[in-house]
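Summary of structural features
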Amino acid sequence: KRIILYANPVMAAFFGMIQDEILGKDVTAFFADPADQQHFRAALKEHGEVRRYPLRYMTASGHEGSSLISSRLITYDGAPAILTWLEDETERTQRERAFNLSAKRLDGFFEDLRRLATEIHQIAGMDDERTYPQLRANCARGFRLLGGDL
């Protein structure tokens, strides 16, 4: 069992607790996925230090977030211990997911646009698709100017 011997107020708040509440807690309770904890501990044991390991964590209220965890094996009060610090990545992860979704939607829009342009060319008796890249660029520019979010 790995218990928390010390946590500053910022670390306690990170997990939705006050400093007195987090002391003595088993660290495994804060890992959203037990497999993450096993991989992290194995890397720490092998190297003695792990920096910026991606981790999904769980707060006291059950909220799941993303962080980068760094730890180093130390001696504390004459006994082996682990010094750990975290960097919250929840907002960055959410922004990245939103960006990827938006990019996917934009790709779908442009694929629909390409098909439409092809149909228009065929109806008009034009088979030259060289105008598609320019059409895509013009549409993208127009959406950005209008503040569009695809």
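See above for the structure.
Cut-offs applied
- Starting afresh in each chain, residues are numbered from 1 along the sequence in its written order.
- Local features are withheld for residues below a pLDDT of 70 in this predicted model, meaning they are given only at 70 or higher, and side-chain atom pairs are given and counted only at 80 or more; totals for whole chains, interfaces and linings count all residues.
- Side-chain metrics rest on all non-hydrogen atoms present in the structure, leaving aside hydrogens and water.
- Aromatic pairs are defined between Phe, Tyr and Trp rings, using the six-membered ring for Trp, whenever the two ring centres lie within 6.5 Å; interplanar angles under 30 degrees are classed as stacked, those over 60 as edge-to-face, and all others as tilted.
- A run of DSSP states H or I qualifies as a helix once it reaches four residues; a run of E qualifies as a strand once it reaches two. Both are numbered from the N-terminal end.
- For a helix, the expected span equals 1.5 Å multiplied by the residue count minus one.
- Should any heavy atoms of two residues lie within 4.5 Å, those residues are considered in contact.
- What qualifies as a polar contact is a pair of N or O atoms within 3.5 Å, subject to a donor-acceptor requirement within protein and to the restriction that residues adjacent in sequence count only when both atoms come from side chains.
- Here, strands pair whenever DSSP counts at least two bridges between them.
- A fitted line through C-alpha atoms represents every axis, and for helices the fit uses only the stretch in contact; the resulting angles, taken between N-to-C directions, go from 0 to 180 degrees.
- Three labels apply to residues, based on accessible area from a 1.4 Å probe with only protein chains included: buried if under 20% of the type maximum, exposed if over 50%, partly exposed otherwise in between.

Structural notes on the packing of aromatic side chains
- This structure, assessed with the given rule, holds seven aromatic pairs.
- Arranged with centres 5.8 Å apart and planes meeting at 90 degrees, the rings of Phe15 and Tyr57 form a pair that is edge-to-face. Taken together, the positions of Phe15 in the loop between α1 (9-14) and α2 (19-22) and Tyr57 in strand β1 (residues 49-58) put the pair 42 residues apart, joining distant regions of the chain.
- An aromatic cluster is built from Phe14, Phe15, Phe30 and Tyr57, whose rings are joined through pairwise contacts.

Quick notes on helix α3 (residues 34-47)
- Over its 14 residues, α3 runs 20 Å from end to end, which matches the ideal 20 Å to within 8%, given 1.5 Å per residue.
- Buried residues in α3 make contact with β1, β2 (64-76) and β3 (79-88).
- Near the N-terminus of α3, the side chain that reaches the backbone nitrogen of Ala35, with its oxygen 3.0 Å away, is that of Asp33.
- Count one or two residues on from α3 and you reach Gly48, which has phi positive near 80 degrees.

Some points on the sheet that holds β3
- Here we have three strands laid out as an open sheet, ordered β1-β2-β3, and antiparallel in their pairing. At either margin of the open sheet sits one strand with a lone partner, and together these are β1 and β3. Strand-to-strand twist of the sheet, defined as the mean angle between neighbouring strand axes without regard to direction, takes the value 35 degrees.
- Sitting on the sheet, α3 is in contact with β1, β2 and β3, with an inclination near 165 degrees to β1.

Some thoughts on unusual backbone geometry
- Its identity as a non-glycine residue notwithstanding, Arg52 has a phi of 55 degrees, on the positive side.
- Of note, the phi angle at Asp77 is positive, near 55 degrees, even though the residue is not glycine.
- With respect to the helices, strands and loops of the structure, Asp77 is situated in the loop between β2 and β3.
- Taking the relative accessible area as the measure of exposure, Asp77 reaches 75% and is therefore exposed.

Function cannot be read off these values alone, since they describe shape.
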